[in-house]
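# Descriptive analysis of the structure
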Amino acid sequence: MSADDLKAKGNAAFSAGNFEDAVKYFTEAIGVDPSNHVLYSNRSAAHASLKHYAAALSDAKKCVELRPDWAKGYSRLGAAYYGLTDFVEAAEAYEKGLGLDPSNEQLKSGLSEAQAALARPRNPFASPEVLRKLLTDPRGKALLEQPDFMRMFSDVQTNPSSINMYLQDPRMQLLLEIALGLKMSRPSDTDVPHPAANGGAAHSRHEEAKPAPAKAEAAKPAPEPEAGPDVDMTDEERDTAARKAEALREKEAGNEAYKKKDFEAAILHYDKALELYQGDMTFLTNRAAVFFEQGNYEKCIADCDAAVEKGRELRADFKLIGKALCRKGNALMKLGRLEDAISVYNKSLMEHRNADTLALLNKTEKVLKEKREREYIDMDLADVEREKGNTAFKEQRYPEAVQAYQEALKRGPPAVNPEAYKLYSNLAACYTKLGAYPEGIKAADKCIELKPDFAKGYSRKGTLQYFMKEYDKAIETYQKGLELEPDNTELQDGLQRAIEAISRFASGQASAEEVKERQARSLADPEIQGILKDPIMQQVLRDFQEDPRGAQKHLRTPEIMAKINKLVAAGIIQVK
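Residues numbered from 1 in each chain as written. Predicted model: local features only at pLDDT ≥ 70, side-chain atom pairs only at ≥ 80, totals over all residues. Heavy atoms only, no water.

What follows is about the overall build of the protein. Along its length, the protein carries 30 helices and zero strands. Evaluated residue by residue, the protein yields a buried proportion of 43% over its 576 residues. Pairs at least 24 residues apart make up 52% of the contacts formed inside the protein by residues separated by at least 6 positions. Total accessible area on the protein stands at roughly 31,400 Å², and carbon and sulfur atoms take up 51% of it. (Helix = DSSP H or I, 4+ residues; strand = E, 2+ residues; numbered from the N terminus. Buried < 20%, exposed > 50% of the residue type's maximum accessible area, 1.4 Å probe, protein only. Contact = heavy atoms within 4.5 Å. Areas by Shrake-Rupley, 256 points an atom, 1.4 Å probe, with all protein chains shown as cover.)

Shown next as structure tokens:
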């Protein structure tokens with residue numbers, strides 16, 4: 001499979017939210033085309049969506065190395081650094097990208113967020129130095145590839161006091177050891193001396209060596225590890241933790257009420273959760289969902305805006321911010337603010353590429369297009385444009401005539417204009433004069449579709465087919481028109497002209513160049529291609545070549561006879 005095919009599969013997986021599959025396909029594509037900077041960019045985005053920021057950073061660096069003048073590479077680089085909370089490097093990457101593309105909104109937004117993060121009060125876990133230590137320590141680098149650890153790490157970066165909830169996790173203890181130098185005794189540590197070792201003494205950095213305990217005391221369980229002064233909870237931190245726990249209980253109660261469609265009760269629970277704790281944006285997005293169900297779309301929009309602002313402040317998961325924006329887009333749709341909804345859906349997709357959001361965007365764009373088309377309808381102006389087209393056609397100003405007829409169709413489309421078929425007929429005539437035969441065929445087909453009993457439409461189409469040297473098709477079209485109007489002189493003349501053209505080719509009067517050109521056109525026709533690829537027809541043609549007399553039996557089969565006539569009319573075979 002080619003690199004482009006694998007890339008397409010990766011893009012499809014990414015759009016569907018299957019980031020692991022996206023990484024797999026992009027990796028295979030890189031194996032085929034290792035110098036393609038776009039593949040590294042795409043894989044970096046997939047890694048970032050999985051919160052594998054170290055891997056995302058590696059790919060972003062490779063992308064920039066391969067294509068240093070590509071602004072999007074620096075966007076990937078900035079996003080990876082931001083995910084690793086190295087806001088200084090993130091801001092620098094975004095600034096470099098803006099140096100290449102000053103109007104890039106994604107780079108501007110990234111730089112703004114990185115600068116806002118730098119302006120927030122610092123805590124030891126948010127320091128870029130912590131990340132550097134984790135990246136340079138094999139044990140720490142492994143931690144950065146674990147999504148559940150990254151969620152814990154993100155939590156303590158936002159709220160340092162929350163570390164107390166994670167101290168029993170050995171990985172958090174390892175983080176303290178690598179990043180802050182706080183060595184905590186753990187039952188699994190092999191480098192912590194046993195109380196019976198080293199002459200019966202255990203040494204720590206805080207205590208002098210003590211005499212070995214008596215045998216009776218040796219049987220006692222080891223004391224709980226003593227946390228350093230930076231880990232102890234203050235009264236304020238305990239209060240915050242308690243309020244957070246209570247807020248989460250209120251949220252769950254709100255969720256249950258929402259499921260039961262008890263919306264007023266749900267709002268009360270979410271309100272209480274917001275009073276208790278301000279560090280969770282989902283309280284706002286959940287309340288916005290209730291307002292949406294109640295039809296209170298303005299309040300839904302206000303809560304979504306507040307949730308996005310809170311999410312950026314807390315550096316929440318991109319998916320949560322994207323979800324809040326998508327919900328806002330849905331509310332805007334309900335209010336009929338389609339342009340605003342499209343803008344918000346696009347912002348949501350910049351946060352998190354989601355197939356459902358993409359479908360909503362496409363649907364909204366279609367609705368907006370149809371709305372604009374309806375608002376544009378004006379039958380009086382349609383008549384004015386039609387007259388302009390007629391005048392331009394008579395004066396042989398065919399491009400202007402085309403423009404006028406097209407405008408007439410916009411002002412009076414077939415849905416509201418029962419004579420729109422005449423405009424398509426006129427367009428077909430213009431395209432014939434301009435030599436734009438394929439466009440003319442489309443216009444003639446639309447004319448016939450709208451008015452199947454309009455003989456002029458068949459005359460227009462037959463003439464176009466004649467000029468395209470598709471004489472067999474022209475004959476069929478003229479014959480259909482004559483079924484409607486047997487005495488139509490224009491159709492009769494066209495039919496006679498097409499028959500004479502075929503006869504000229506059949507009798508060998510056409511030049512070798514004309515024959516070659518016509519055969520080339522015919523071979524490009526899907527219908528002719530289908531006949532020539534038919535195994536039965538291939539055998540029939542071989543029989544005519546090897547034993548013409550014996551092959552006459554095939555002509556008794558109507559289906560085969562019709563196909564042979566098609567090939568003769570197309571100039572593919574000649575009858576002598």
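The UniProt entry lists residues 137-176 and 525-564 under the feature "domain: STI1" (unreviewed entry), expressed in the numbering used here. Between the end C-alpha atoms of residues 525-564 the distance is 15 Å, and the span holds 68% helix and 0% strand. (UniProt positions renumbered as here; feature names shortened; annotations may be inferred.)

Taken as a whole and assessed by the stated rule, the structure comprises nine aromatic pairs. Plain terms: the ring middles of Tyr258 and Phe263 are 5.9 Å apart, the flat faces sit at 55 degrees to each other, and that makes the pair tilted. A relative accessible area of 27% means that Tyr258 is categorised as partly exposed. Residue class for Phe263 comes out buried when judged on its relative accessible area of 16%. For the ring pair Tyr437 and Phe467, a centre distance of 5.9 Å and an interplane angle of 10 degrees mean the geometry is stacked. Linking Tyr437 in helix α23 (residues 437-450) with Phe467 in helix α24 (residues 455-467), this pair joins segments that are 30 residues apart in sequence. For the cation-ring pair, Arg497 lies above Tyr466, with the distance from its terminal atom to the ring centre recorded as 5.0 Å. (Phe/Tyr/Trp six-rings, centres within 6.5 Å; stacked < 30°, edge-to-face > 60°. Lys NZ or Arg CZ within 6 Å of the ring centre and 35° of its normal.)

Turning next to helix α18 (residues 338-351). Compared with the 20 Å implied by 1.5 Å per residue over 14 residues, the 20 Å span of α18 between its first and last C-alpha is a close match. Taken residue by residue, α18 has Leu338, Ala341, Ile342, Val344, Tyr345, Ser348, Leu349 and Glu351 as its buried positions. Tucked inside the fold, the buried residues of α18 contact α7 (105-119), α16 (297-314), α17 (318-334) and α19 (355-376). (Expected span 1.5 Å × (residues − 1).)

With that settled, the discussion passes to the pattern of salt bridges. Scanning all chains against the criterion turns up 34 salt bridges. Measuring nitrogen to oxygen at the nearest pair gives 3.6 Å for the salt bridge that ties Glu65 to Lys62. Here Lys62 and Glu65 lie together in helix α4 (residues 53-66), a separation of three residues that amounts to about one turn. What makes Glu65 exposed here is its relative accessible area of 56%. In this structure, Arg372 and Glu339 form a salt bridge, with 3.7 Å as the shortest nitrogen-oxygen distance. Residue Arg372 is located in helix α19, and its partner Glu339 is located in helix α18; the two are separated by 33 residues in the primary sequence. Overall, Arg372 belongs to the partly exposed group, its relative accessible area being 48%. Sharing partners across several salt bridges, the network here consists of Glu113, Arg312 and Glu351. (Salt bridge = Lys/Arg side-chain N within 4 Å of Asp/Glu carboxyl O.)

This next bit is on the nonpolar core. Ranked by size, the top nonpolar core spans 42 residues in total, and within it Leu77, Leu134, Phe149, Phe153, Met172 and Leu175 carry the most contacts. Breaking this core down by element, the ones donating at least two residues are α4, α5 (71-83), α6 (87-100), α7, α8 (128-136), α10 (147-158) and α11 (170-180). The next biggest cluster of nonpolar side chains, apart from the first, holds 37 residues, and it includes Phe263, Ala288, Ala316 and Val344. (Core = buried A, V, L, I, M, F, W, Y, C linked by side-chain atoms within 4.5 Å.)

Before going further, it helps to examine the layout of surface pockets. Estimated volume of the second largest pocket: approximately 1,000 Å³. If you trace the second largest pocket, you find 35 residues lining it, with Arg76, Gln106, Leu349, Met350 and Glu351 closest to the centre. At six residues, α5 tops the list of elements feeding residues into the lining of the second largest pocket. (1 Å grid on protein atoms, 1.4 Å probe; cavity = no way out; pocket = protein on both sides within 12 Å on 5 of 7 lines; lining within 4 Å. Points joined across faces, edges and corners; volume = space filled by probe spheres on them.)

Moving on, we get to the side chain of Glu351. Note on placement: Glu351 falls in helix α18. Residue Glu351 is classed as buried on the basis of its relative accessible area, which comes to 15%.

What follows covers the packing of helix α15 (residues 282-294) against α17. Look at α15 against α17: their axes get within 11 Å of each other, and the N-to-C directions meet at 20 degrees. Overall, the two elements α15 and α17 adopt an arrangement that is roughly parallel. Both α15 and α17 take part in a crossing whose hand is left-handed. Facing Thr282, Thr285, Asn286, Ala288, Ala289 and Phe292 of α15, the residues of α17 in contact are Leu320, Ala324, Arg327, Asn330, Ala331 and Lys334. Along the lines of polarity and charge, the residues of the contact of α15 with α17 split into six nonpolar, four polar and two charged. (Axes fitted to C-alpha atoms, helices over the stretch in contact; angles between N-to-C directions. Parallel < 35°, antiparallel > 145°, perpendicular 65-115°, else oblique. Left-handed = near helix turned anticlockwise from the far one by under 90°. Nonpolar A, V, L, I, M, F, W, Y, C, P; charged D, E, K, R; others polar.)

Within the secondary structure, Glu385 is located in helix α20 (residues 379-394). Those residues in contact with Glu385 that sit more than four places away from it in its chain are Ala404, Glu407 and Ala408.

Okay, the environment of Ala474 next. Residue position: Ala474 is located in helix α25 (residues 471-484). According to the relative accessible area criterion, Ala474 is buried, its value standing at 0%. Once the C-alpha coordinates of Ala474 and Leu464 are considered, the two residues, 10 residues apart in sequence, prove to be 8.0 Å apart. The residues touching Ala474, leaving out its near neighbours within four places in the chain, are Gly462, Gln465, Tyr466 and Ala498.

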